[in-house]
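Fold and contact review
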Amino acid sequence: MVVHYGPPDISGIKKEIQKIQHADMVSELEQRVLNKLYAEYRNSGKLYCWKITEAYKELGIAEGTYVGMLNDSRYIEIDGECLKLTTAGIRYMDSQARKIVSIQKDKEEILKLSPELYGLGINLKPLWRRIRGWFGR
């Protein structure tokens with residue numbers, strides 16, 4: 001029987017945790033490219049080939065700017081001179097679209113339940129009580 005004293009070897013676990021933590025991290029540039037490619041995909045139902053030169057012009061990316069996150073992306077494929085969505089990119093954007101729709105529905109429900117005038121920030125119930133108090137009712 002071998003007895004081992006000291007902390008256990010968890011180096012493999014640390015690497016796996018780092019992979020999980022960074023799995024869904026998307027840079028701002030990557031998100032902007034995904035938004036454009038996904039919008040085109042939703043409109044046409046086909047994978048859109050966005051020419052890299054046009055993409056860089058539209059996104060305002062100057063020559064020499066670091067774009068390594070696009071090269072390493074799980075969601076965007078560089079195919080020759082084009083940027084395309086991968087199947088993982090479509091699934092990711094589908095899940096993001098569902099989250100956005102869910103958040104919008106929640107906001108609409110809150111606005112319907114709220115007695116405030118949207119955009120003005122005036123709560124009508126206390127205001128009405130004050131007005132009635134001013135006139136003696």
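Keep in mind the model is a prediction, meaning the values are calculated, not measured.

Right, let's get into the pattern of salt bridges. Any two side chains of opposite charge can pair, on the condition that their charged atoms come close. Applying the stated criterion across every chain, the model contains four salt bridges. Notably, a salt bridge pairs glutamate 58 with lysine 36, separated by 3.8 Å at the nearest N-O pair. Here the residue glutamate 58 occupies a position in helix 3 (residues 52–59), and lysine 36 occupies one in helix 2 (residues 28–44), the gap between them amounting to 22 residues. Assessed through its relative accessible area of 22%, lysine 36 is described here as partly exposed. Residue aspartate 79 is joined to lysine 84 by a salt bridge in which the shortest nitrogen-to-oxygen separation is 3.1 Å. A network of salt bridges, in which partner residues are shared, links Lys36, Glu40 and Glu58.

Now for the pairing of strand 2 (residues 76–79). With four bridges joining them, strand 2 and strand 3 (residues 82–85) adopt antiparallel strand pairing. Bridge assignment links aspartate 79 to a residue of strand 3, and that residue is cysteine 82. Linking two consecutive strands that pair antiparallel, namely strand 2 and strand 3, is a turn of two residues; a positive phi of about 70 degrees is found at glycine 80 within it.

This next bit is on the sheet that holds strand 3. Ordered in space as 1-3-2, the three strands form an open sheet in which the pairing is antiparallel. Where the open sheet ends on each side, the last strands, each with one partner, are strand 1 (50–51) and strand 2. Lying over the sheet, helix 2 contacts strand 1, strand 2 and strand 3, oriented at roughly 75 degrees with respect to strand 3.

This brings us to the pairing of strand 3. Bridge count for strand 1 against strand 3 is two bridges, and the pairing is antiparallel. Residue lysine 51 lies in a different strand from strand 3, and its bridge partner there is cysteine 82.

Counted according to the given criterion, the structure contains one disulfide. The disulfide partner of cysteine 49 is cysteine 82, and the S-S distance across this bridge is 1.8 Å. Judged by the sign of its S-S torsion, about 70 degrees, the cystine formed by cysteine 49 and cysteine 82 is right-handed. Taken together, the residues span a long stretch of sequence, with cysteine 49 in the loop between helix 2 and strand 1 and cysteine 82 in strand 3 at a distance of 33 residues. Cysteine 49 gets classed as partly exposed once you look at its relative accessible area, which sits at 32%. Among the residues examined, cysteine 82 registers a relative accessible area of 10% and is labelled buried.

How each quantity is defined
Residues numbered from 1 in each chain as written. Predicted model: local features only at pLDDT ≥ 70, side-chain atom pairs only at ≥ 80, totals over all residues. Heavy atoms only, no water. Salt bridge = Lys/Arg side-chain N within 4 Å of Asp/Glu carboxyl O. Helix = DSSP H or I, 4+ residues; strand = E, 2+ residues; numbered from the N terminus. Buried < 20%, exposed > 50% of the residue type's maximum accessible area, 1.4 Å probe, protein only. Pairing = 2+ DSSP bridges. Contact = heavy atoms within 4.5 Å. Axes fitted to C-alpha atoms, helices over the stretch in contact; angles between N-to-C directions. Disulfide = S-S within 2.5 Å.

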